[in-house]
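Architecture at a glance
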Amino acid sequence: MDTTSQLPAAFRLIVTGGGTGGHTYPALTAVRTLRERLTAWGRSLDVLWIGSTDSLEAGVAEAEGIAFTAVATGKVRRASNPLKMVSPANVRDMARVPLGVAQARKAVASFRPHVVLATGGYVAVPTGLAARVCKVPLVLHEQTVRLGLANRKLAGSASRIAVSSESTLPFLDESVRPLAVVTGNPVRPEVLTGHPEKAVSALGSGFDRALPTVYVTGGAQGSQQINDLIGGELLWLLERANVVHQCGPAPYEALAARASGLPPHVAARYHLTPFVGSELPDVLALAALVISRSGAGTLAELTALGKPAVFIPLASSAGNEQAHNARHLEESGAAVALEGEVTGERLREAVGPLLDDPSRREAMAAAARAQGRPDAANRLVDVVLNAASG
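My aim in this report is to walk through the structure given alongside it, one point at a time. (Residues numbered from 1 in each chain as written. Predicted model: local features only at pLDDT ≥ 70, side-chain atom pairs only at ≥ 80, totals over all residues. Heavy atoms only, no water.)

1. Some words on the overall build of the chain
Formally: The secondary structure listing takes helices from DSSP runs of H or I that are at least 4 residues long and strands from runs of E that are at least 2 residues long, numbered from the N terminus. The size measure is the radius of gyration over C-alpha atoms, and the globule rule it meets is 2.2 Å times the number of residues to the 0.38 power. Three exposure classes are used, based on accessible area relative to the maximum for each residue type with a 1.4 Å probe and protein chains only: buried under 20%, partly exposed in between, and exposed over 50%. By definition, residues are in contact when any of their heavy atoms lie within 4.5 Å. For the accessible areas, the method is Shrake-Rupley and the probe is 1.4 Å, while residue cover comes only from the protein chains on display. Counted as positive: Lys and Arg. Counted as negative: Asp and Glu. His and the chain ends are not counted at all. The atom standing in for a charge is NZ when the residue is Lys, CZ when it is Arg, CG when it is Asp and CD when it is Glu.
In terms of regular secondary structure, the chain is built from 18 helices and 13 strands. Expected size for 390 residues packed as a compact globule is a radius of gyration near 21 Å; at 22 Å, the chain falls within 12% of this value. Seen through its principal axes, the chain has C-alpha atoms that stretch 65 × 55 × 40 Å. Within the chain, buried positions represent 51% of all 390 residues. Within the chain, contacts between residues at least 6 apart in sequence are counted, and of these 67% link residues at least 24 apart. Working note: accessible area of the chain is about 17,100 Å², and carbon and sulfur atoms make up 52% of it. The centroid of the 37 positive side-chain charges in the chain is displaced by 8 Å from the centroid of its 34 negative side-chain charges.

Here it is as structure tokens:
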């Protein structure tokens, strides 16, 4: 949209999507960015979020002061055997979809949005279908390399399909490929503003600034696979690096007890924590290497920051999306992907050369930055506003 003259005084947006942070937080970042832009233009934003009762998106909307409406949803439980898809749970849940569409249609017709933004998750399907029935422009946003199930179902109803990577385009059906726009995956602005010195101050004086720092994370709840791998190679790692290990709340005490047996000369280089909160931007700024899962949000943050990474994809992720994400970055030289059975030896083979050779880390960082889109939220807002203008 080139001018503000076409914009209404109050722009109305319906957001739908959620179930996981990967679907919820890009939507929230887009809403915040759109509100900031409209405010700068002397306009206001009215938002309604449509999602599931007692869900992550419901809590996020409440915390943000966004009006929220819950609709009935049906989750498809996938299986490699098509016959297993016809399970009692799937049949029961899919029977709820028509009710959800009817509820969403009522909400859309009452709110009269200029655009509906759907960011994925099965909860987005009823509202996406309602947008089509109500003839409201529908913008889809896909965070992963391949379209998720919900976005595949809604693609034929979309006005625009915002994708996070050019590598997604070949996977789109030819009939909807012209609707695709590469925006990237919105990243929280605060993630991009970290300071390494603040992390060092917060983590304590034991860090050896002559050594690189490795940030290990398995997500908010931690990962037993990653925790076990790091535990088995911890002494080897600490001889080469400082380590910030976000392990999740459940295993913290057991891991802390094991760490108490580390030799004193390396123990001070190890910072074990159940959760990394507001200090995450500073920890990421300090990190020379990240070892983590390969969810879409993680990839967006690390590429926006230009961080070398060793990914251990979650094998059970929907549609094996984490493996696709990790392979995509590995093929571009921006990461190492460890799939299948990941042993301590494989971890050392991946991590060792990166810790020993700063030039190799810098080359990987440059490749990561080339894949990053720190302006993704603004690009997505452009798509939303353009869809509203027809």
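2. Examining the environment of R132
Tracing the backbone shows R132 in helix α6 (residues 124-133). Judged by its relative accessible area of 54%, R132 is exposed. Separated by 24 residues in the primary sequence, R132 and G156 have C-alpha atoms spaced 9.5 Å apart. Aside from chain neighbours lying at most four places away, what touches R132 is G156 and S157.

3. Comments concerning the sheet that holds strand β13 (residues 335-337)
Remark on secondary structure: sheet strands pair via backbone hydrogen bonds, oriented parallel or antiparallel. For clarity, the cut-off: Here, any two strands with at least 2 DSSP bridges between them count as paired. Interaxial angles span 0 to 180 degrees and are taken between N-to-C directions of axes, which are lines fitted to C-alpha atoms, for helices over the stretch in contact.
Read across the open sheet, the six strands follow the order β10-β9-β8-β11-β12-β13; overall the sheet is parallel. The open sheet is flanked by β10 (270-273) and β13, the only strands paired with a single partner. Neighbour-to-neighbour, the strand axes of the sheet open up by a mean angle of 15°, direction not taken into account. As judged from the five bridges shared by strand β8 (residues 213-217) and strand β9 (residues 242-246), these two strands associate in the parallel manner.

4. What to know about the pattern of salt bridges
It is possible for side chains of opposite charge to pair when their charged atoms get near one another. Defined as follows: Only one rule defines a salt bridge in this text: a Lys or Arg side-chain nitrogen within 4 Å of an Asp or Glu carboxyl oxygen.
A full pass over the atoms with the stated rule returns ten salt bridges. The salt bridge partner of E197 is R209, with a shortest N-O separation of 3.1 Å. Remark: R209 occurs in the loop between α8 (196-203) and β8 and E197 occurs in helix α8; sequence separation between them is twelve residues. Overall, the relative accessible area of 47% leaves R209 in the partly exposed class. Here R379 makes a salt bridge to D375, at a shortest N to O gap of 3.1 Å. Take R379: its relative accessible area is 32%, and that puts it in the partly exposed class. Among the residues examined, D375 registers a relative accessible area of 35% and is labelled partly exposed.

5. What to know about the sheet that holds strand β5 (residues 138-142)
Read from one edge of the open sheet, seven strands run β3-β2-β1-β4-β5-β6-β7, paired in parallel fashion. Every interior strand has two partners, whereas the edge strands, β3 (67-70) and β7 (180-182), have only one. In this sheet, adjacent strand axes meet at a mean angle of 25° when their direction is disregarded. Examined bridge by bridge, strand β4 (residues 115-118) and β5 share three bridges and lie parallel to one another. The residue of β5 that forms the bridge with L117 is V139. Each of β1 (10-16), β2 (44-51) and β4 is contacted by helix α1 (residues 21-40), which is oriented at about 165° to β2, the strand it contacts most.

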